[in-house]
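Close look at the chain arrangement
Residue strings, one per chain:
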Amino acid sequence: MGHPILIDTDPGQDDALAILLALAAPEKLDVRGIIAVAGNVPLPLTQKNARRLVDLAGRDDVPVYAGCSRPMVRDLITAENVHGRTGVDGYDWPKTKTPLQDQHGVDFIIDTLMAADEGEITLCTLGPLTNIAMALVKAPQCARGIGEIVMMGGGFFEGGNTTPAAEFNILVDPHAAHVVFNSALPLTLMPLDVTHKALATAYRIGDMAALGNETGRACAGMLSYFNRHDVEKYGSEGAPLHDPCVIAYLLKPELFDGKKVPVQIEISSGLTLGMTVMDWWGTTAEDPNCMVMNQIDADGYFDLLTAHLGRLP
Ligand code: RIB
Ligand code: CA
């Protein structure tokens, strides 16, 4: 049986490929549950999209939960301009089969962590950190069950993608991020500094389409849609494929490299709200609280991803 993980997510085309990657590696990853959070699109859509992905992967053994419908303090901001009205535009989705679990996603996270051995569970976060922070606030003792939190979010040398200073996942709920980054838990971060080096080029999308399975067709369609915004914005050959970096790190950590540094979250400023302030050069006496990845073997990453997508229906 694989390593037990929880996936907290706001699908989102890039979340979709991260979830499919995890579901395609049952021998390495035991996905105990997928918890949707409001982010790219509102919660009713992110929870539906998570269920669609479980259907596509043929993994209806994995339960899906709905977590928080809004950030802890701020009003919700969404990203339909990037992801489309549904959040996973680019593919003609069939009717959803997998049911939504009745339990609130935050309570599922707490119950799973409380029942786990010390440090047993890895939390994989692909969206705003609202659910994780709410679990830590409601039941601080549940932290005992967390071995590591691997997150997509933030940026430093790359700046922000939603404001000049802030990346979307952190900006949506900077207060939740502040709770997590001050939790003293083992943190590993996949910021824009690494995801911007992993571009979904036409060639790489073509490899997915050439798989010949429904999953490959769905991923190629989603990424083709996902590309249109960032290619125009950055003038790049493809959109950064952010979220699968989290899962790829668990499957093949040698694809990544980085540095453990102090990271704090701006929660007060109007100009830099949601900035991940990284003391990359040791200018403070702060203790390093986060392993920040800024290097990736991009070809190895896409080879790993596409090979696993080929395992699915
Ligand atoms: O800034 C990129 C992140 O925001 C990704 O997780 C994407 O899915 C959106 O949630
Ligand atoms: Ca996401």
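To start, this report covers the structure provided alongside it. As the structure is a computational prediction, the values presented were derived from the model and not from experiment.

**Points about the coordination of the calcium ion (ligand 2)**
- Within the protein, Asp10 (OD), Asp15 (OD), Asp15 (OD), Leu126 (O) and Asp243 (OD) serve as the donor atoms for the calcium ion (ligand 2), at 2.2 to 2.5 Å.
- Ordering the donors of the calcium ion (ligand 2) by residue number gives the pattern D-x4-D-x110-L-x116-D. One end of the pair, Asp15, is in helix α1 (residues 13-23); the other, Leu126, is in the loop between β4 (121-125) and α5 (130-138), and 111 residues separate them in sequence.
- Looking at Leu126, the relative accessible area reads 1%, which means it is buried.

**Quick look at empty space enclosed by the protein**
- Per the stated rule, a full pass over the model turns up one cavity of 30 Å³ or more.
- Its boundaries defined by the atoms lining it, the largest cavity holds a volume of some 30 Å³.
- Taken together, Leu6, Ile7, Asp8, Ile35, Ile109, Leu123, Cys124, Thr125 and Ile132 form the lining of the largest cavity.
- Looking at the lining of the largest cavity, the elements that each hand over two or more residues are β1 (3-9) and β4.
- Partitioned by chemical class, the residues of the lining of the largest cavity number seven nonpolar, one polar and one charged.

**Let's talk about the side chain of Thr112**
- With respect to the secondary-structure elements, Thr112 resides in helix α4 (residues 105-115).
- According to the relative accessible area criterion, Thr112 is buried, its value standing at 12%.

**Digging into the layout of surface pockets**
- Here the largest pocket defines a volume of roughly 290 Å³.
- Val82, His83, Asn161, Thr162 and Phe168 are, among the 24 residues lining the largest pocket, the residues nearest its centre.
- No other element matches helix α10 (residues 214-234), which puts five residues into the lining of the largest pocket.
- Considering only residue class, the lining of the largest pocket consists of eight nonpolar, nine polar and seven charged.
- Size it by volume and the second largest pocket reaches roughly 160 Å³.
- As for the second largest pocket, its lining consists of Arg52, Asp55, Leu56, Tyr91, Trp93, Pro94, Lys95, Thr96, Lys97 and Glu214.
- A per-element tally of the lining of the second largest pocket places helix α2 (residues 43-57) first, with three residues.

**Focus: the nonpolar core**
- Counting 64 residues, the largest nonpolar core has Ile7, Leu17, Ile34, Met222, Ile247, Phe256 and Tyr301 as its most contacted members.
- Among the elements that line this core, the one with the most residues is α1, at eight residues.
- Residues within four places of Ile34 in sequence aside, it is in contact with Ile7, Thr9, Ile19, Ala50, Val54, Val62, Pro63, Val64 and Tyr65.
- In terms of nonpolar packing, the next biggest core, distinct from the first, is built from 38 residues, Leu129, Ala143, Ile170 and Val261 among them.

Each value, and the rule that gives it
Residues numbered from 1 in each chain as written. Chains lettered and ligands numbered in written order. Predicted model: local features only at pLDDT ≥ 70, side-chain atom pairs only at ≥ 80, totals over all residues. Heavy atoms only, no water. Donors = N, O, S within 2.8 Å, 3.2 Å for Na, K, Ca; no water. Helix = DSSP H or I, 4+ residues; strand = E, 2+ residues; numbered from the N terminus. Buried < 20%, exposed > 50% of the residue type's maximum accessible area, 1.4 Å probe, protein only. 1 Å grid on protein atoms, 1.4 Å probe; cavity = no way out; pocket = protein on both sides within 12 Å on 5 of 7 lines; lining within 4 Å. Points joined across faces, edges and corners; volume = space filled by probe spheres on them. Nonpolar A, V, L, I, M, F, W, Y, C, P; charged D, E, K, R; others polar. Core = buried A, V, L, I, M, F, W, Y, C linked by side-chain atoms within 4.5 Å. Contact = heavy atoms within 4.5 Å.

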